[in-house]
Amino acid sequence: MAKKTTKRKAAEEKKEIVVKSKEELSEEAEDSSEEEDEDLLQKVNEADGDSTDDEGIEQNYHSDDSVLEFESDDDGNFTGIKAKEAGEDDGEEESGDEDDDDDEDSIDEADIEDISGEEEEEDADDEDDDDAEEEDSEDEVQTLKEKAKDNNDKEPIYENSDTSDEEDIRNTVGNIPMHWYDEYKHIGYDWDAKKIIKPPKGDQIDDFLRKIEDPNFWRTVKDPQTGQEVVLTDADIELIKRINSSRIPNPEHNEYEPWIEWFTSEVEKMPIKNVPDHKRSFLPSVSEKKKIGRMVHALKMGWMKTMDELEKEKQAKRGPKFYMLWETDTSREQMRRIHDPVSAPKRDLPGHAESYNPPPEYLFDEKEQKEWLKLKDEPHKRKLHFMPQKYRSLREVPAYPRYLRERFLRCLDLYLCPRTRRVKLNIDAEYLIPKLPSPKDLQPFPTVESLVYKGHTDLVRSVSVEPKGEYMVSGSDDKTVKIWEIATGRCIRTIETDDVVRCVAWCPNPKLAIIAVASGNRLLLINPKVGDKMLVKKTDDLLAEAPQIDSLESDRIKTAVQWATADAAEQEKGVRLVITHFKPIRQVTWHGRGDYIASVMPEGANRSAIIHQLSKRRSQIPFAKSKGLIQCVLFHPIKPCLFVATQHNVRIYDLVKQELIKKLLTNSKWISGMSIHPKGDNLLVSTYDKKILWFDLDLSTKPYQTMRLHKNAVRSVAFHLRYPLFASASDDQSVIVSHGMVYNDLLQNPLIVPLKKLQTHEKVEEFGVLDVCWHPVQPWIFSTGADQTIRLYT
């Protein structure tokens, strides 16, 4: 009986090992680890090392009705297997198994006591059979152990592959955009359907501290699936570097290893297949027969030519060509249409306005309808040749009444209108650009900043220089006029006014010492009291005597201008005469002889420009009607002409004949200033839309040259009286000096060359350089800016 018990135990152990090995292999395919493999082998070894003696050993035998349960930890890792019978708890299992063991032990002892000697002989015979069966069972158990060990040692199927199954799948949400979880505290779910909580995020200060303290911060990346931070190893960084440098990721791979010739490159003498050719391979192809037939037909019809015919044609083209000298135009046109046809232009595709249900913005309102109907006699001026209409459905759209007429006109266009092919001219850009001389050959011109005159407390709007070049006057928004000594930069006198000083102008006559100052509504004539004392006294005597006025002034002039002598307080400052206007004065300019002054009031409508005569102390309004908003005026240096600049154009008037001579078209949005050449044949115009226009008055009414040298609005331009130089001032804080040579030969165009860009002013509230003025003798230039300074460039 003991042998039978041992045999039964061995069979049960074999069965248990088979079940365990199957379950463990299935678990291993899902989640394999080396620790579980060692536990399983330990269990198999313990089962193999059990003795046949059952005394003192507690063993559990599981029937076929038992259920195997797999134990795992929180992370889903496999920990073990336990068996449980259906419908029973663990405690009942243990108690039942112990009772069965006790029963079996008692039965075996009784059997041993009742055994007779005869049965011992039979048992001896059976022992030999049992020993053989035990050896077979032990061999089977050993085989199962080796299989389990081989399965445990086997590598995963996808270990060296590039499949997506090998990725980190702790997060089971799958391949979805991870930004779907931006508003949640978790980032997905694990295998136990538990939420994967996002790691805490720090602010930029925390990241900065980590960047300083953590030496591995530069190699730390964030896993988008789990939100965890992963520190890259040296091998990972080396792999990334190799990929970025376009090298093979595996450093052990040798791309220059010897070529393995899997297939021979030698031509074999014996065929690979010894199959005879098919009979149809010896027959001519039907498709080739048809192709040859088409070629023969083309040769007969002359569509295709032989090699000899083509060679003859080439030789004929190489020889001399003859044509009829008195060939008619019709035949030439016919040949041109055959050899060089010009395709007819295509009509424009219909737009939204042609739709039966156009958008509301394409429908005409009452004003547009009136304008469209007004152009009935001139339909070619209409934007559209029809009036857009809106219908609820396509079935309500009526027939187009002008369909036949438009088709007929289209056919006439195709039949009667001549068409020619335009020849494109290939001209190099270097050929169009004129060859300009080097700036070194055009010296002298100002290149550096020499002096800075400081003293004003607000932006300086205007500057003017004495005819001899010793003194300078400036006007500012701080309601003061300052007189400077140019050589030393010293402010000699400061004259306070009651309003903002918008323009100052020194009298160009060297025999008079008078400064015209535009301050608000008043035009002040000031004696600067500098220079020759005899000249100062002569000027005071001239301005002190009031001439007798014979003719009476009209009411139109009296309401616009009033002459008056300055009071005692202003006389001490140097003010001699005050001309009060009815609107604020923007600009003041002198005639070359120093007897006439012109003042501009943009808000004065038809009385915006007024000319004052100093010797007779009277004023006159030259224009009866307003031609536009006048910006500035200028006297011709030689002729009795007046240049009047409105916002868009420049008009030239003859003061003697009192008529318009010429109108210059600037094609600009807003004119800011003018300057005329000393010879009087060329005019410079500056505009607020970043342009400088050079007009040749003898050539055309359109600009001879349009220069875009500045990036912002151009405030002022000025010609030099002696040197072929001109300058421009702009809000981009720069003064650009250019060479402008005007030749006596009328057939030779003026030479314009930009020379130097002087940029030392500072920008204040989008304002840069406001005015420029040349020295009358030296090639020096003065500039005033919004930074409350006056700068001298030499």
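For the structure itself, consult the block above.
Residues numbered from 1 in each chain as written. Predicted model: local features only at pLDDT ≥ 70, side-chain atom pairs only at ≥ 80, totals over all residues. Heavy atoms only, no water.

Draft legend 1. How the structure looks around a negative patch on the surface. Residues D365, E366, E368 and E371 make up a contiguous surface patch of negative charge. Among the structural elements, E368 can be located in helix α10 (residues 366–374). Assessed through its relative accessible area of 35%, E368 is described here as partly exposed. (Patch = residues over 30% accessible without salt bridge, like charges linked within 9 Å, V, L, I, M, F, W, Y side chains within 5 Å. Areas by Shrake-Rupley, 256 points an atom, 1.4 Å probe, with all protein chains shown as cover. Salt bridge = Lys/Arg side-chain N within 4 Å of Asp/Glu carboxyl O. Lys, Arg positive; Asp, Glu negative; His and termini not counted. Charge placed at Lys NZ, Arg CZ, Asp CG, Glu CD. Helix = DSSP H or I, 4+ residues; strand = E, 2+ residues; numbered from the N terminus. Buried < 20%, exposed > 50% of the residue type's maximum accessible area, 1.4 Å probe, protein only.)

Draft legend 2. View of the environment of G768. Mapping G768 onto the fold places it in the loop between β32 (751–758) and β33 (769–774). Remark: the alpha-carbon pair of G768 and R715, spanning 53 residues in sequence, is separated by 9.0 Å. In contact with G768, not counting residues within four places along its chain, are S730, D731, Q733, G785 and A786. (Contact = heavy atoms within 4.5 Å.)

Draft legend 3. Summary view of the sheet that holds strand β17 (residues 587–590). Strand order in the open sheet formed by four strands is β17-β18-β19-β20, with antiparallel pairing between adjacent strands. Where the open sheet ends on each side, the last strands, each with one partner, are β17 and β20 (618–620). Pairwise comparison of adjacent strand axes, ignoring direction, gives a mean angle of 25° for this sheet. Relative to β20, strand β19 (residues 609–613) is paired through three bridges, and the arrangement is antiparallel. Following the sheet pairing, H612 is matched in β20 by S619. (Pairing = 2+ DSSP bridges. Axes fitted to C-alpha atoms, helices over the stretch in contact; angles between N-to-C directions.)

Draft legend 4. View of the nonpolar core. Counting residues in hydrophobic clusters, the biggest one holds 23 residues, and the most contacted among them are I514, L523, L525, V588, W590 and L614. Elements supplying a minimum of two residues to this core: β12 (501–506), β13 (515–519), β14 (522–526), β16 (575–581) and β17. (Core = buried A, V, L, I, M, F, W, Y, C linked by side-chain atoms within 4.5 Å.)

Draft legend 5. The arrangement of the pairing of strand β23 (residues 649–654) in detail. Burial runs high along β23: six of the six residues are buried. Of the two faces of β23, the one carrying N649, R651 and Y653 and the one carrying V650, I652 and D654 are both buried. Between the antiparallel neighbours strand β22 (residues 641–645) and β23 lie three residues. Sheet topology places β23 next to strand β24 (residues 659–665); six bridges connect them, and they run antiparallel. Of the residues in β24, the one forming a bridge with D654 is E659. Between the end of β23 and the start of β24, which pair antiparallel, lie four residues, with Q658 showing a positive phi angle near 55°.

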